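Summary of structural features
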Amino acid sequence: MQYTMTDLILFWHRRDLRIADNVGLAIARQRSPKVVGVFCLDPEILEGGDVAPVRMQYMIGCLQELQERYTAAGSQLLILHNRPLQALPELATALKAKAVFWNKDVEPYSRSRDREVAEALRASGIQVEAFWDQLLHAPQEIQAGSGQPYTVFTPFWRNWSNRTKATPQATLENAQGLEPNEMAIAQQSGVIPLPTAKDLGFVWTNELPLAPGTGAAEERLEAFCDRALGEYQEQRNYPANPGTSQLSAALKFGAIGVRTVWAATVAVEEQSRSDETRENIKTWRQELAWREFYQHAMYAFPDLAKGAYREPFKTFPYENNPDFFQAWCDGKTGYPIVDAAMRQMNTVGWMHNRCRMIVASFLVKDLFVNSQFGERYFTQKLIDWDLSANNGGWQWSASSGMDPKPLRIFNPASQAKKFDPEGEYIREYLPELRSLDTEMLISGVIPVMERDRCGYPAPIVNHNQQQGKFKAVYQQQKGLQAKAK
Ligand SMILES: Cc1cc2nc3c(=O)[nH]c(=O)nc-3n(C[C@H](O)[C@H](O)[C@H](O)COP(=O)(O)OP(=O)(O)OC[C@H]3O[C@@H](n4cnc5c(N)ncnc54)[C@H](O)[C@@H]3O)c2cc1C
């Protein structure tokens, strides 16, 4: 496809809210200087009841910064508030755009939406080009020998880690935006000023765990590489310490490019002569690979979004007791490490990975609640919610996912003893228990008088009993499956 210097290309941003290291945007700029960004506030997503206010606050902040960066690069970022299927072809037609470019996504909703939008644009005579950007390796690049997608992480990691990674893409610069008369046409075709999260009905008054935008994400990456990366393997497990990058929201919304993140690890590796640092870098890179593993899985098996992957869990007799579920959501189960974690998520909008595993195991294996309830609650609360990572994390914790491990059940007290040995994390998020002995906080065995004094609930279930029950029901399910074959 040939482009001339005056052809207008609209670049549709979705989960790539940056002008730096953006594959599709960099290619658009190579084709023509007249590249204008578009973001569509999609009512189907906004009104679906699953948007966390913290996430909306972060996203709007990213869009605000993105608008500023577009202006500095000589162009504009246009905002629409309508279904992309209607809004994009309308705008592109009114502006006589030559093409609309975007970066591909793995999620089922995005993929079917993109197909429809592409068809509508092409029917109006507008070109469409889409690129892989949010992954270091696209799904078709990493396949097992049989040409099938991997369903187990270790061989995926071997293949993924051995491949050469792309370097960061050129930042948009010296672009041309819309002329004033074209801007007037854009406004008649649905372009609006960027609303606030509150305008859209989402109120988040606490501080954000990560400031929005590319600048903040780059600063966070630099600080992490300077300090915590070198001790990641050990420190990542302690929720009271800032031992992880907390870049998850930036990676979810693409405030930072994944090639930029990888290049930062290469720079640290090149400067380091110690095997220990290299091991730490490798461990962090493995987390980036988990992110890609789950996205590839969602791309290959979209039904993962609907429920359990493994047979015994498709018909597992969960009890889904609403009172238990509510106590879990509110951080009132009587298990201090579980409650601290849930209250961290409810108030901060982010939860440490170790605690995500603890609370997920507890909901499914102690409370007998289907992981889909927990998955949805995380969707409504997390700043970094990502369909693939969240689904992958929940299915891993519920043992219902594709990477089968022996039935693993987290014991809250042992987890607290190992990973919050001084009770710092528990004290931070359960202020009513601050005065208690550390031993009580960790074991969760709190005398009735103390509990009453602190206004803290009794444990809603007995962990040992529930663990035995879960194992027994699991064996029964496996037996039923075997008989049915
Ligand atoms: C039940 C459950 C639900 C989860 N839901 C989400 C979610 O909605 N969104 C999300 O981004 N992560 C999710 N995770 C994975 C993980 O908890 C977070 O990515 C991590 O806590 C983010 O913190 P960080 O940025 O400091 O991570 P770091 O430890 O610094 O890791 C770097 C990056 O790697 C990726 N990553 C790390 N661990 C994982 C993982 N296990 N799976 C996939 N990607 C990973 C993230 O993008 C993260 O930012 C979930 C895990 C579990 C067990």
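Moving on: the nonpolar core. The biggest cluster of nonpolar side chains holds 123 residues, and the ones touching the most others in it are L10, F11, V38, V100 and A341. V38 has contacts with L10, F11, W12, H13, L78, L80 and L91, leaving out every residue within four places of it along the chain.

So, about the domain arrangement of the protein chain. Domains assigned within the protein chain are domain 1 (1–133), domain 2 (135–167 + 214–300) and domain 3 (311–484). Inter-centroid distance (C-alpha atoms) of domain 1 to domain 2 is 26 Å. Between domain 1 and domain 2, the residue contacts involve 14 residues of the former and 16 residues of the latter. A per-class count over the side of domain 1 that touches domain 2 returns seven nonpolar, one polar and six charged.

A few words on the packing of helix α15 (residues 336–348) against helix α19 (residues 412–419). Two numbers describe a pair of packed helices, the interaxial angle and the distance between the axes. As a packed pair, α15 and α19 sit with axes 8 Å apart at the nearest point and diverge in direction by 70°. Between α15 and α19, the angle is such that the two are roughly perpendicular. Every residue of α19 that contacts α15 at P336, I337 and V338 is listed here: P412, Q415 and A416. Grouping the amino acids of the contact of α15 with α19 by side-chain chemistry returns five nonpolar, one polar and no charged.

Before going further, it helps to examine the sheet that holds strand β3 (residues 77–80). Strand order across the open sheet formed by six strands is β5-β4-β1-β2-β3-β6, with mixed pairing between neighbours. Every other strand in the sheet has two partners, leaving β5 (127–131) and β6 (191–192) as the edge strands with one partner each. Where strand β4 (residues 99–103) lies against β5, five bridges are found, and the strand directions are parallel. When the bridges of β5 are listed, F101 appears paired with E129. Contacts from helix α4 (residues 84–94) reach β1 (9–13), β2 (35–40), β3, β4 and β6, with the element oriented near 155° to β2.

Now for the site of the ligand. Within the structure, the ligand sits among 28 residues, and T244, S245, S248, N390 and G393 are positioned closest to it. For the shell around the ligand, the secondary structure elements donating two or more residues are α10 (248–253), α12 (275–300), α16 (353–366) and α18 (387–397). A total of six residues in the shell around the ligand trace back to one element, the largest contributor, which is α18. Broken down by class, the residue content of the shell around the ligand amounts to twelve nonpolar, nine polar and seven charged. Shared between two domains, the shell around the ligand takes at least three residues from each, and those domains are domain 2 (135–167 + 214–300) and domain 3 (311–484).

Here we take up α18. Across the eleven residues that make up α18, a large majority, eleven, are buried. Regarding α18, the residues found buried are L387, S388, A389, N390, N391, G392, G393, W394, Q395, W396 and S397. Where α18 ends, the next residue or the one after it, S399, has phi of about 65°, a positive value.

Our next topic: unusual backbone geometry. We note that Q246 has phi near 55°; this positive angle belongs to a residue other than glycine. By the element assignment, Q246 lies in the loop between α9 (232–235) and α10. Among the residues examined, Q246 registers 19 C-beta atoms within 10 Å and is labelled partly exposed. Positive phi outside glycine occurs at N320, with the angle close to 50°.

Turning our attention to the pairing of β4. Along β4, five of the five residues are buried, which leaves the element largely enclosed by surrounding structure. Because side chains alternate across β4, one face comprises the buried residues A99, F101 and N103, and the other comprises V100 and W102, equally buried. In this sheet, β4 lies alongside β1 in parallel orientation, the contact comprising four bridges. For I9, the partnering residue across the bridge sits in β4 and is A99. Regarding the hand of the β-α-β motif, the stretch spanning β4, helix α5 (residues 108–123) and β5 is right-handed.

Taken as a whole, helix α17 (residues 371–381) has its buried residues at S371, Q372, G374, E375, F378 and K381. Where α17 is buried, its residues meet α15, α16 and α18.

Criteria and cut-off values
- Residues numbered from 1 in each chain as written.
- Predicted model: local features only at pLDDT ≥ 70, side-chain atom pairs only at ≥ 80, totals over all residues.
- Core = buried A, V, L, I, M, F, W, Y, C linked by C-beta atoms within 7 Å.
- Buried ≥ 20, exposed ≤ 12 C-beta atoms within 10 Å, placed from the backbone.
- Contact = placed C-beta atoms within 7 Å.
- Domains from an automatic or database assignment.
- Nonpolar A, V, L, I, M, F, W, Y, C, P; charged D, E, K, R; others polar.
- Axes fitted to C-alpha atoms, helices over the stretch in contact; angles between N-to-C directions.
- Helix = DSSP H or I, 4+ residues; strand = E, 2+ residues; numbered from the N terminus.
- Parallel < 35°, antiparallel > 145°, perpendicular 65-115°, else oblique.
- Pairing = 2+ DSSP bridges.
- Near = placed C-beta within 6 Å.
- Right-handed = clockwise from strand over helix to strand, strands pointing away.

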